[in-house]
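# Summary of the model geometry
What follows is each chain in one-letter form.
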Amino acid sequence: MNTIIVNTDIAKGTINKNIYGHFAEHLGRCIYEGIWVGEDSPIPNTQGIRNDVLEALKQLQVPVLRWPGGCFADEYHWKDGIGPRATRKRMVNTHWGGVVENNHFGTHEFMLLCELLGCEPYICGNVGSGTVQEMSEWVEYMTFDGESPMADWRKENGREKPWKLKYFGVGNENWGCGGNMRPEYYADLYRRYQTYVRNYGGNKIYKIAGGANVDDYNWTEVLMKNAGGLMDGLSLHYYTIPGDFWLGKGSALDFSEEEWFVTMKKALHIDELITRHSTIMDKYDPDKRVGLIIDEWGTWLDVEPGTNPGFLYQQNTIRDALVAGLHFNIFHRHADRVQMANIAQTVNVLQAMILTEGEKMILTPTYHVFHMFKVHQDAQLLAVEASAGHYDFQGETLPQVTVSASKNAEGKVHISLVNIDPKQEAQLSIELRGIPADKTQVAGTILTAESMNAHNTFKQPDAVTAVPFTAAVEGNRLSMKLPAMSVVTLAVG
Ligand code: AHR
């Protein structure tokens, strides 16, 4: 039996909607094909951006979108991606498959995408192979309202008014593909580069420093100590990889219960990582001014057989959906420090929301979790006490059910639950405190499946999809059976 108490009258801070952010890189078929098809494409599009993907993403209320990388960011030179498309420079995407990058999707196209989605742009600048001047001019090009070389150039390229740009990353994975730097060296570079990321007019930029990989706590320590006062956010990257990064990450579709268990265990590890990185940040920033920005997370599995290894195209099952649900429940709990998270990546790459094949498009199980959880965006995190059962496998134990709850501006309470056990349902009793017993009404949605590798295909696009779910109500107590491997969101009140 899992017993949960939701204190509907004890708020613990706001769940920043940016936790539901996305990341789209010039990698494989994410930008090209997945988002950008060009104005002349037979695939219906809005100024080159495919309509089906646009509409699906709108339903998620994407709050913020990170671009252009990833590793691509530290090789990207923004001036190659503006002006008439036919004359834009063609380059090699050395990180991702060695394919030709024609730069047809550049700053104007990205800003258009954000405008169409109604989301904030989050641009990652080039520290690894770019200059301070290049980064500074990019910000001037996008945000300066007046007469200046960059603003004039923007106007010549068809955009009179500056864009609003809130989030700017000063490099990506600077410990690795972004320059193989030591934290001391990057901290100094960060101080220098960020100086020239200017606030023009009313545009105020939230500056994000390149943060640690997984459990590199020394990186966080050095960055906070030497540059903490000059940043608004510090990033963290953590991928859930059931196997070994180099020797074999594990198949997206063909896996055992052992791999399932390891996947859940590794996904839950994000909790410890956030706690430990936050503890270091607390030392230098006790008021929690600097946000922890988990701008790359999700499952990283072997590519689908027969696909380009540099394209990172993987299928997506109910297992991935549960990983997403676990992350959100953990991000919520750390709402005081985690101010943004960006799933890697939006379309056709890693733990994608959407997969495309020519003009066809399907939604993945992960998409449905994002849809179910969007009710928590900018809601008040509620105090929850849980005494959960266990999911045991070969002598190891994990909590069977994780939970988080929030209350939105209209006073509606949402409770999200994840049962990671692939075989056992969970009997749940939820006590709602602080809510009048005679006012309790409940409705909900569930995502579940019959097999661990259930997924959607272009032939069966709705094999795994969200359906209505409800719980028995008695006074202010809810009881329900949470099926094996399921994600549920309940709306109460
Ligand atoms: O998301 C794929 C890659 O993973 C990104 O380009 C990089 O930042 C990370 O290593």
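As recorded in an unreviewed UniProt entry, the protein goes by non-reducing end alpha-L-arabinofuranosidase and comes from Paenibacillus ehimensis. Per its UniProt entry, the protein bears the Catalytic activity (unreviewed entry) comment "Hydrolysis of terminal non-reducing alpha-L-arabinofuranoside residues in alpha-L-arabinosides." UniProt's Pathway (unreviewed entry) comment on the protein is quoted here verbatim: "Glycan metabolism."

### Describing the overall build of the protein
Each helix and strand in the protein was counted, giving nine helices and 26 strands. The C-alpha atoms of the protein give a radius of gyration of 22 Å, which matches the 23 Å a tight globule of 493 residues would have. Reported as C-alpha extents along the three principal axes, the dimensions of the protein are approximately 70 × 50 × 45 Å. For the protein, the residues scored as buried account for 60% of the 493 residues in total. Taking the contacts inside the protein whose residues are at least 6 apart along the sequence as the reference set, 76% of them involve residues at least 24 apart. In the protein, 44 positive and 59 negative side-chain charges are present, and the distance between their average locations comes to 4 Å.

### With respect to the state of the cysteines
Following the criterion strictly, the structure yields one disulfide and no others. Each disulfide pairs two cysteine sulfurs, and for C71 the partner residue is C177, the sulfurs being separated by 2.2 Å. The chirality of the disulfide connecting C71 with C177 is left-handed, given an S-S dihedral of about -90°. Pair noted here: C71 is in the loop between strand 5 (64-67) and strand 6 (91-93) and C177 is in the loop between strand 9 (167-170) and helix 5 (183-195), with a separation of 106 residues, a long-range link.

### Focus: the sheet that holds strand 2 (residues 21-23)
Sheet strands pair via backbone hydrogen bonds, and the direction of the pair is either parallel or antiparallel. Pairing in this closed barrel of eight strands is parallel, and the strands run 2-5-8-9-10-11-12-13 around the ring. Taking each pair of neighbouring strands and ignoring which way they run, the sheet shows an average axis angle of 30°. Relative to strand 8 (residues 120-125), helix 3 (residues 132-143) is tilted by about 160°, and along the sheet it contacts strand 5, strand 8 and strand 9. Packing against the sheet, helix 6 (residues 217-227) makes contact with strand 10 (206-213) and strand 11 (233-240), and its axis sits at approximately 150° to strand 10.

### Considering the site of the ligand
In the vicinity of the ligand there are 13 residues, among which E25, C71, E173, Y239 and E296 approach most closely. E296 places a polar side-chain atom, nitrogen or oxygen, 2.7 Å from an oxygen atom of the ligand. One nitrogen or oxygen atom from the side chain of Q345 is found 3.0 Å from an oxygen atom belonging to the ligand. Isolated, the ligand exposes 280 Å² of accessible area, and the fraction of that covered by the protein chains is 94%.

### A short note on the nonpolar core
Taken as a class, soluble globular proteins show a tendency for nonpolar side chains to be buried jointly. Formed by 123 residues in total, the largest nonpolar core has its most connected members in F168 and F331. For F331, the contacting residues outside a window of four places in its chain are I19, I270, I274, I294, W297, V338 and A341. V401, A405, I415 and L432 belong to the second largest nonpolar core, which has 24 residues in total.

### A few points about helix 2 (residues 107-117)
At 3.6 residues per turn, the α-helix brings residues three or four places apart onto the same side. Across the 11 residues that make up helix 2, a large majority, nine, are buried. Three or more residues of helix 2 are buried, namely T107, H108, E109, F110, M111, L112, L113, C114 and L117. Following helix 2 by one or two positions, G118 has its phi on the positive side, about 70°.

### Concerning the sheet that holds strand 16 (residues 380-387)
Read from one edge of the open sheet, 10 strands run 23-22-26-20-19-16-1-21-25-24, paired in mixed fashion. One side of each edge strand has no neighbouring strand; the edge strands of this open sheet are strand 23 (467-469) and strand 24 (472-474). In this sheet, neighbouring strand axes are inclined to one another by 25° on average, regardless of whether the strands run parallel or antiparallel. Where strand 20 (residues 413-419) and strand 26 (residues 486-492) come together, seven bridges link them in antiparallel fashion. Counted as the bridge partner of H414 is A491 from strand 26.

### Side note on unusual backbone geometry
The amide bond that connects W67 to the next residue, P68, takes the cis arrangement and shows omega of 5°. For P68, the position within the fold is in the loop between strand 5 and strand 6. The step from A344 to Q345 runs through a cis peptide bond, and the omega angle for that step is -5°. Locating Q345 in the fold gives a position in the loop between strand 13 (338-344) and strand 14 (354-357). Phi angles above zero are rare outside glycine, and Q61 is one such case at about 55°.

### Remarks on the packing of aromatic side chains
What describes a pair of aromatic rings is the distance from one ring centre to the other and the angle between the planes of the rings. For the structure on display, the rule yields 30 aromatic pairs. Judged by centre distance (6.2 Å) and plane angle (5°), the rings of W78 and W138 are stacked. Of this pair, W78 sits in the loop between strand 5 and strand 6 while W138 sits in helix 3, and the two are 60 residues apart along the sequence. W138 gets classed as buried once you look at its relative accessible area, which sits at 2%. Relative to F370, the ring of W297 has its centre 6.4 Å away and its plane inclined at 10°; by these criteria the two rings are stacked. Highlighted residues: W297 in strand 12 (residues 291-299) and F370 in helix 9 (residues 365-373), separated in sequence by 73 residues.

### Some thoughts on the pattern of salt bridges
Counted according to the given criterion, the structure contains 27 salt bridges. Across the pair R50 and D52 runs a salt bridge whose closest N-O atoms are separated by 2.8 Å. We note a salt bridge from D282 to R337, for which the minimum N-O separation is 2.6 Å. Residue D282 is located in helix 7 (residues 257-284), and its partner R337 is located in the loop between helix 8 (318-333) and strand 13; the two are separated by 55 residues in the primary sequence. With a relative accessible area of 1%, R337 lands in the buried category. Three or more residues joined by partner-sharing salt bridges are found here, namely D282, D285, K288, D336 and R337.

Reading guide: rules and limits
- Residues numbered from 1 in each chain as written.
- Predicted model: local features only at pLDDT ≥ 70, side-chain atom pairs only at ≥ 80, totals over all residues.
- Heavy atoms only, no water.
- UniProt positions renumbered as here; feature names shortened; annotations may be inferred.
- Helix = DSSP H or I, 4+ residues; strand = E, 2+ residues; numbered from the N terminus.
- Rg over C-alpha atoms; globule rule 2.2 N^0.38 Å.
- Buried < 20%, exposed > 50% of the residue type's maximum accessible area, 1.4 Å probe, protein only.
- Contact = heavy atoms within 4.5 Å.
- Lys, Arg positive; Asp, Glu negative; His and termini not counted.
- Charge placed at Lys NZ, Arg CZ, Asp CG, Glu CD.
- Disulfide = S-S within 2.5 Å.
- Pairing = 2+ DSSP bridges.
- Axes fitted to C-alpha atoms, helices over the stretch in contact; angles between N-to-C directions.
- Near = heavy atom within 4 Å.
- Polar contact = N/O pair within 3.5 Å; in protein donor to acceptor, adjacent residues only side chain to side chain.
- Areas by Shrake-Rupley, 256 points an atom, 1.4 Å probe, with all protein chains shown as cover.
- Core = buried A, V, L, I, M, F, W, Y, C linked by side-chain atoms within 4.5 Å.
- Phe/Tyr/Trp six-rings, centres within 6.5 Å; stacked < 30°, edge-to-face > 60°.
- Salt bridge = Lys/Arg side-chain N within 4 Å of Asp/Glu carboxyl O.

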